[in-house]
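Tertiary structure, described
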Amino acid sequence: MIHKFKHKFALFFLIFSLLSFIFPYNPDGMPTDFKTNKKQVVLTFDDGPSYLYTDKILDILKSNNVKASFFLIGSRMIEYPDLVRRISREGHSLGNHTYNHIRLDQYVGQRVDDEIAETSRVYENILGFVPKYFRPPGGRMNKTVLSTVASHKLIPIGWSINANDFLYRDQQLDTEMIAKKVSAVMSHIESQLKPGAVILMHNGNEVSLAVLPKVIAYIHSKGYTFVTLSQVM
Ligand SMILES: [Zn+2]
């Protein structure tokens, strides 16, 4: 049963990745960064919790004393509530990333509301509170979704730098390929880094894990600090 569910989930992500490719990031009125004069950035991880990667990401963040922000999927949270508790306990910000990770801009009314409300209920059940941040799957936003998010008193936030680590999900990559992808991610981040940037990563894959310590080291070497969403908005 669990195996079947994971299979379905992998298929869903494949279709979703293709759709994201055909219909690129559309923030439509949603903030994609935050205002600051200081050298500060927010590091975000979408699509968790993942039984394969979330613990490892948290270990890397902890050993570098970095706090990040996690946008979690309700249907995965109920599978791995301990991971949700660990993220919260270790001082990272949390956000709502819908219950089924659907492209909300293709739906109207009740379905959009249910995706958001159900995930908030899961947060309330696991942690006893509802985080106030929201990110739509694929960054796909429109006026209906924006007003539904507002009616739940959630703050929507996109991203200004996409690390593109999700492209390698479920791929079998050898060491050489991983090194190549890591250097592609790094040169993109190096060219885009600026005060108030919001960086998008995922929870994730072997590329996410390999590149994360390098992302942290580079950003620190440029005199930047990592802040969480709750520190800046
Ligand atoms: Zn996502």
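Calculation criteria
Residues numbered from 1 in each chain as written. Predicted model: local features only at pLDDT ≥ 70, side-chain atom pairs only at ≥ 80, totals over all residues. Heavy atoms only, no water. Phe/Tyr/Trp six-rings, centres within 6.5 Å; stacked < 30°, edge-to-face > 60°. Helix = DSSP H or I, 4+ residues; strand = E, 2+ residues; numbered from the N terminus. Buried < 20%, exposed > 50% of the residue type's maximum accessible area, 1.4 Å probe, protein only. Pairing = 2+ DSSP bridges. Right-handed = clockwise from strand over helix to strand, strands pointing away. Core = buried A, V, L, I, M, F, W, Y, C linked by side-chain atoms within 4.5 Å. Axes fitted to C-alpha atoms, helices over the stretch in contact; angles between N-to-C directions. Parallel < 35°, antiparallel > 145°, perpendicular 65-115°, else oblique. Contact = heavy atoms within 4.5 Å. Nonpolar A, V, L, I, M, F, W, Y, C, P; charged D, E, K, R; others polar. Donors = N, O, S within 2.8 Å, 3.2 Å for Na, K, Ca; no water.

Moving on: the packing of aromatic side chains. This structure, assessed with the given rule, holds three aromatic pairs. Ring geometry for Y25 against W159: centres 3.9 Å apart, planes inclined by 10 degrees, an arrangement best described as stacked. You can see Y25 sitting in the loop between helix 1 (2-22) and strand 1 (40-48) and its partner W159 sitting in the loop between strand 5 (155-156) and strand 6 (161-162), a full 134 residues away along the chain. Judged by its relative accessible area of 29%, Y25 is partly exposed. For W159, a relative accessible area of 8% corresponds to the buried category. Seen in terms of ring centroids, Y51 and Y80 are 5.8 Å apart; in terms of plane orientation they differ by 15 degrees. Their pairing is stacked. One end of the pair, Y51, is in the loop between strand 1 and helix 2 (54-63); the other, Y80, is in the loop between helix 3 (74-77) and helix 4 (81-89), and 29 residues separate them in sequence. On the basis of relative accessibility, which here comes to 16%, the residue Y80 falls in the buried class.

In strand 3 (residues 93-96), alternate side chains face the same way, and those of S93 and G95 on one face and L94 and N96 on the other are all buried. Across four bridges, the pairing between strand 2 (residues 69-72) and strand 3 is parallel. Residue pairing in the sheet places F71 in a bridge with G95 of strand 3. Pairing analysis gives two bridges linking strand 3 to strand 4 (residues 133-134), with the strands arranged parallel. Residue pairing for strand 4: G95 is matched across the bridge by Y133. Where the polypeptide runs from strand 3 across helix 5 (residues 110-127) and back to strand 4, its parallel neighbour, the crossover connection is right-handed.

Below, the discussion takes up the nonpolar core. Counting residues in hydrophobic clusters, the biggest one holds 43 residues, and the most contacted among them are L43, F45, L61, F70, L212 and I219. Going through the elements one at a time, strand 1, helix 2, strand 2, helix 4, helix 5, helix 7 (175-192), strand 7 (197-202) and helix 8 (206-221) are the ones with two or more residues in this core. Take this core: its biggest share by element is eight residues, from helix 8.

Two numbers describe how helix 4 lies on helix 5: the axes approach to 10 Å, and their chain directions differ by 75 degrees. In terms of axis orientation, helix 4 runs roughly perpendicular to helix 5. Residues P81, V84, R85 and S88 of helix 4 form the contact with helix 5, whose participating residues are Y123, I126 and L127. Partitioned by chemical class, the residues of the contact of helix 4 with helix 5 number five nonpolar, one polar and one charged.

On the protein side, the zinc ion has D47 (OD), H97 (NE2) and H101 (NE2) as donor atoms, found 2.0 to 2.1 Å from it. If you list the donors of the zinc ion from N- to C-terminus, the spacing comes out as D-x49-H-x3-H. Comparing H97 with H101, the two get one shared label, buried.

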